[in-house]
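# Coordinates in review
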2 protein chains.
Amino acid sequence: MKPNILFIMADQLRWDYLGCNGHPHIKTPVIDALAKRGVNFTRTFIQAPVCGGSRMSFYTGRYAESHGAGYNGYPLRIDEKTMGDYLRPLGMRVALVGKTHMTVDNEGMARLGIDPNSDVGVQVAQCGFEPYERDDGLHPDQSVDPNLAYNKWLRQLGYRSDNPWHDFANSVEGDNGEVLSGWAMRNVGRPARVKEEHSETAYMTDRAISFIDEADGPWCLHVSYIKPHWPYVAPAPYHDMYSARDVIPANRSDAEKASPHPVVAAFMAHDESVNFSRDEVRELVIPAYMGLISQFDHHVGRLVAHLEKRGIADNTIIVVTSDHGDYLGDHWLGEKDLFHEEIVRIPMIVVDPRPSANATRGSKVDALVEAIDLAPTFLDWAGGEAEPHRLEGRSVAPLARGETPPWRDAAFCDSDFAPRHARRTLGLQPDQARAYMVRTERWKYVFYEEYPPQLFDLVTDPQELTDLVPGGKHESVLIEMEQRLFAWFRSLRSRVGISDAEIERRTGSAKKRGYLFGVW
Amino acid sequence: MKPNILFIMADQLRWDYLGCNGHPHIKTPVIDALAKRGVNFTRTFIQAPVCGGSRMSFYTGRYAESHGAGYNGYPLRIDEKTMGDYLRPLGMRVALVGKTHMTVDNEGMARLGIDPNSDVGVQVAQCGFEPYERDDGLHPDQSVDPNLAYNKWLRQLGYRSDNPWHDFANSVEGDNGEVLSGWAMRNVGRPARVKEEHSETAYMTDRAISFIDEADGPWCLHVSYIKPHWPYVAPAPYHDMYSARDVIPANRSDAEKASPHPVVAAFMAHDESVNFSRDEVRELVIPAYMGLISQFDHHVGRLVAHLEKRGIADNTIIVVTSDHGDYLGDHWLGEKDLFHEEIVRIPMIVVDPRPSANATRGSKVDALVEAIDLAPTFLDWAGGEAEPHRLEGRSVAPLARGETPPWRDAAFCDSDFAPRHARRTLGLQPDQARAYMVRTERWKYVFYEEYPPQLFDLVTDPQELTDLVPGGKHESVLIEMEQRLFAWFRSLRSRVGISDAEIERRTGSAKKRGYLFGVW
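Criteria and cut-off values
The numbers attached to residues start from 1 for each chain and follow its sequence in the written order. Chains and ligands are labelled by the order in which they are written, letters from A for the one and numbers from 1 for the other. Reporting in this predicted model follows two pLDDT cut-offs: at least 70 for local features of residues, and 80 or more for side-chain atom pairs to be given and counted; totals over whole chains, interfaces and linings ignore these cut-offs and use all residues. Heavy atoms throughout the structure, all of them, feed into the side-chain values; hydrogens and water do not. All axes here are fitted lines through C-alpha atoms, helices being fitted over the stretch that makes contact, and every angle between N-to-C directions spans 0 to 180 degrees. Per the convention used, a helix needs a DSSP run of H or I reaching at least four residues, while a strand needs a run of E reaching at least two, with both numbered from the N terminus. Roughly parallel means an angle under 35 degrees; roughly antiparallel, over 145; roughly perpendicular, 65 to 115; everything else is oblique. By definition, any crossing whose near helix is turned counterclockwise from its far helix by less than a right angle is left-handed, and any crossing with a clockwise turn is right-handed. The contact criterion used throughout is that any non-hydrogen atoms of two residues lie within 4.5 Å. Charged residues are taken to be Asp, Glu, Lys and Arg, nonpolar residues to be Ala, Val, Leu, Ile, Met, Phe, Trp, Tyr, Cys and Pro, and polar residues to be all remaining types, Gly included. Three exposure classes are used, based on accessible area relative to the maximum for each residue type with a 1.4 Å probe and protein chains only: buried under 20%, partly exposed in between, and exposed over 50%. Positive charges come from Lys and Arg alone, negative charges from Asp and Glu alone, with His and the N- and C-terminal ends not counted. In what follows, salt bridge is the name for a side-chain nitrogen of Lys or Arg lying within 4 Å of a carboxyl oxygen of Asp or Glu. Least-squares fitting of one copy onto the other uses the C-alpha atoms of those residues that reach a pLDDT of at least 70 in both copies. Buriedness of a pocket was judged along seven lines, with at least five required to meet protein on both sides within 12 Å; pockets are open sets of points on a 1 Å grid over the protein atoms alone, cavities are sets where a 1.4 Å probe fits but cannot get out, and lining residues have an atom within 4 Å of a point. Grid points are joined across faces, edges and corners, and a volume is the space filled by probe spheres set on the points. In these notes, a set of buried Ala, Val, Leu, Ile, Met, Phe, Trp, Tyr and Cys residues joined through side-chain atoms within 4.5 Å is what counts as a nonpolar core. Note on pairing: DSSP must find at least two bridges between two strands before they are called paired. As a working definition, buried area equals the accessible area (1.4 Å probe) given up by two parts on being put together, with both sides summed.

Chain A has the name Arylsulfatase in an unreviewed UniProt entry, where Variibacter gotjawalensis is given as its organism.

See the structure below:
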């Protein structure tokens, strides 16, 4: 019997903000318990340091350099296969509750005559997921959809506003009852203007539970929460579960600030970096961020309990992960876009309830896992045939069973920061705003178009505070890393239309098929 | 007024087998005259050394590494934009007479619900061309389409056979009237069993003339001849227009044969290489090949004359080119797949009849032009907006007008030889059978997966007889060439869904759109 797959994603959740991953103060009892029941992949890396690009890699199983949608708002090609395309033909219902950050290629859809309202049109626009509830979670007044389901629901509950997402779920009240927007970080220490059970995290959980109740299975349900992504507004009681005392020290050094790499310097000048570099900001915002994580943890618990209640826990694999981290002031930076571990390393906890996984319960696996591994893993779990000519990741199912297959010795991530203001500061054209990470067991190498690379020794400097390139002593490592990056480019799969097996079958067969070239 | 574009392609026509390009014996008066009326781009290079891959680069304006259909039979992605997609919205009728070697991605078409019989389905299956007459030109008995138009026509003319393409157009008669197949090269000195005016080259010309007669314009017509591609059977009088005396010496050396590069050695062992290395074969086949070229030249003349007759010559730009060359025994090789000039360098003659091109008539341009430049050139001629985020070539229209815009200083080509027997000889997996060429003014560098590179000095060794890598004296050049290849990989356009201009417009605009991240 095919298992169900409950594919849970948080947004902007750092690897190190879970109890099971070593945070000294945060409370994530549910996820910690899942880690004890499953496998904690402790070195999992994203493929693009921004929501949209990272998610397209999760959903396609391909590097951003391959799928081409490396930044938010870049359309995904119409014919990129996604999780739904892989799993649906195997008899699974593949659905979404929450965020994908998918931008559809409307031009391609029109050129190919695909009706956006047809089944295919909808799937193509939703990364192959059935949009049981699509909600990308950010709804500024300027662009809020008048039909946003969450807003309709809030209005039904009595929250009166054109945009209760902003005015209630992501706003707070001041000392005199005035409404203060959660967009301004100074306001996030106060509770959201919605009850906890009316917050986005609660609502998406309710919707996921509805899906589980109505679906027959086998299914793959992507429950994709917007939080702890900004606006960092948490409902009571999570808004003050933590205080400045619970904030771990910023991972940064004066030397980093004094002589930054030019690209990093341009990002340090962004508002979010300047603000997150201030202790006042960190001490207010990080507790709220932590509260949102504990709330997320609580609702993951509701999902787990519901699987039990429905009697399908024994046949539902649970994956808990995130699309990227959040600098929160580390390295004098805010937000994401670059490659420090705070951004590229994500939680990845896999709980396979089936007896075949009993041997590995509670174990940690430190193999270099990539976000692109999930699509081939799901395909593997669903009993499908591997498609290595297209899927650039590989199934972690053997690792999760305790096997030790040959495995990669480097993880890769690439950043297209063309739409960021930093590009203008640097005077780069859109094509030049590219950077690539190679991360081995020991080294982290960052290649920048137009600028020198960076190199960090993760053994002697796990905090990545000292870029070794200016010191000039690691020439052979730099050459090796550059060669790895060059080999990676060559290994990308653009020949997606034909399988290796089919090529093997055809090799040297032209003459058998009647094409008698070169015959005397 | 938009010009028409008559885009003429020969198949397997070497650069140096035209009078205007210096062949001492071949008669190509029509093309030579076109060169005098237009611009002869004397250093034009293909992007994949095989029909299908090369043509997909012509039609998409993208390197094979980008479009992913690098070998014959590899399907082109459904959403790769092709010439027709660029030109049709500008009001041009874009049609095909002859060969494209397009393989459609049936799986992708089914997944996207595109009906193969719909207008879109047909265009997608035909590289965006309206298939006025699609004929890929190779029709062995095992796979001949019972509805092949050329065969129906031959049967109407009285050529009685299930497959007159083979039994008449590509067969000859022996001394005793027996039918001998043109697949066997020993037979190609004799005339085809069809009259010249019933040969494939004549038929395709007739069909092109029919199109020109019925089309209103502006149009882009791709007249894509199968010949001088094998089977090397020419009709009378072209079958004996040339003899062994007209065959130029083979470009090869004993040293090449004695210590070949491992990949080249594997190709030297193929039948076509072994046979073409024999003088007996060259002296019989090359005259037939030359006859087919003179026949092609004659029919290009019919097309040119027909433009005059219809009164549209003044507004029809003519392009004459080829998809790749033919080793014909040079370097002890037959066929193609590798990167010697005999294969990668193609004719490219552009005749723009409009007064704006008067200054350059009869000139030669030695800038490094690539096959991928035609799609953007056509877009330019048609008055469309450049799409550099997708099109990897660049318009040669300025060069053709005598301007000297900044231009590339290296041409690139990549070979996927996975389906060739040589891969098995070498013991490579399908993914490992890859090679890449970097060709600058002075150097030709070939990078092979799994093997050392090759390097030729085109100034001191224009015949490419001496690979400098074993000598070990050009380390700095090798490093520079590898860096160029690495930079080329990074420059490929996978972010095809959004233009640079649109990114420029969005840069730093998130806050204006209401996404107030990082604000205190």
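Let's pick the thread back up.
## Remarks on the packing of helix H18 (residues 475-491) of chain A against helix H18 (residues 475-491) of chain B
Where H18 of chain A meets H18 of chain B, the closest approach of the two axes is 10 Å, and the angle between their N-to-C directions is 50°. For the element pair H18 of chain A / H18 of chain B, the angle class is oblique. Handedness of the H18 of chain A/H18 of chain B crossing: left-handed. In this structure, H18 of chain A contributes Glu482, Gln483, Leu485, Phe486, Phe489 and Arg490 of chain A to the contact, and H18 of chain B contributes Glu482, Gln483, Leu485, Phe486, Phe489 and Arg490 of chain B. Taken together, the residues that form the contact of H18 of chain A with H18 of chain B break down as six nonpolar, two polar and four charged.

## Thoughts on the side chain of Glu392 of chain B
All names here are of chain B. Along the polypeptide, Glu392 turns up in the loop between helix H15 (374-381) and helix H16 (397-400). No salt bridge is formed by the buried Glu392; the nearest opposite charge belongs to Arg62, separated by 4.2 Å. Apart from residues no more than four positions distant in its own chain, Glu392 is found in contact with Gly61, Arg62, Tyr63, Ser66, Ile372, Leu492 and Arg493.

## What about the relation of the copies chain B and chain A?
Superposing chain B onto chain A takes a rotation of 180° plus a shift of 0.0 Å along the axis, which leaves an RMSD of 0.0 Å. Seen this way, the second copy is the image of the first under a two-fold rotation axis. A share of 100% of interface residues in chain B that are also interface residues in chain A marks the association as one of identical surfaces.

## Some remarks on the layout of surface pockets
With a probe scaled to a water molecule rolled over the atoms, the places where space remains empty come into view. In this structure, the largest pocket encloses a volume near 1400 Å³. Arg513 and Tyr515 of chain A together with Asn72, Gly73 and His101 of chain B are the residues nearest the centre of the largest pocket, which is lined by 45 residues in total. Counting residues per element, the ones that place at least two in the lining of the largest pocket are helix H19 (500-506) of chain A together with strand E5 (130-134) and helix H12 (271-276) of chain B. Within the lining of the largest pocket, the residues separate by chemical class into 16 nonpolar, 14 polar and 15 charged. One number sums up the size of the second largest pocket: a volume of about 1200 Å³. What lines the second largest pocket is a set of 41 residues, and nearest its centre among them are Asn72, His101 and Leu138 of chain A together with Arg513 and Tyr515 of chain B. Among the secondary structure elements, those contributing two or more residues to the lining of the second largest pocket are strand E5 (130-134), helix H7 (149-156) and helix H12 (271-276) of chain A. The residue inventory of the lining of the second largest pocket, partitioned by class, reads 15 nonpolar, 12 polar and 14 charged.

## Here's the deal with the nonpolar core
Core analysis: the biggest nonpolar cluster contains 160 residues, and Phe7, Phe41 and Phe378 of chain A together with Phe7, Phe41 and Phe378 of chain B have the highest contact counts within it. With sequence-adjacent residues up to four places away left out, Phe41 of chain A is seen in contact with Met348, Val350, Val365, Val369, Val396, Leu399 and Ala400 of chain A.

## Remarks on the sheet that holds strand E3 (residues 44-45) of chain A
The three strands lie next to each other as E10-E3-E13 (chain A), forming an open sheet whose pairing is mixed. Only two strands of the sheet have a single partner each, and these edge strands are strand E10 (345-346) and strand E13 (369-370) of chain A.

## As for the environment of Leu96 of chain B
Residues and elements named next belong to chain B. The residue Leu96 is located in strand E4 (residues 93-98) in this model. Put simply, Leu96 and Phe296 are 200 residues apart on the chain and 17 Å apart in space, counted from C-alpha to C-alpha. Excluding residues that lie within four positions of it along the chain, Leu96 makes contacts with Gln126, Phe129, Glu130, Pro131, Tyr132, Glu133, Arg134, Leu221, His222 and Ser224.

## Here we look at the interface of chain B and chain A
Contacts between the two partners involve 80 residues from chain B, matched on the other side by 80 residues from chain A. Where chain B abuts chain A, roughly 7400 Å² becomes buried across the two surfaces, and 52% of that area is made up of carbon and sulfur atoms. Here chain B is connected to chain A by 18 salt bridges. Two residues, Glu449 of chain B and Arg490 of chain A, come together in a salt bridge whose shortest N-O distance is 2.3 Å.

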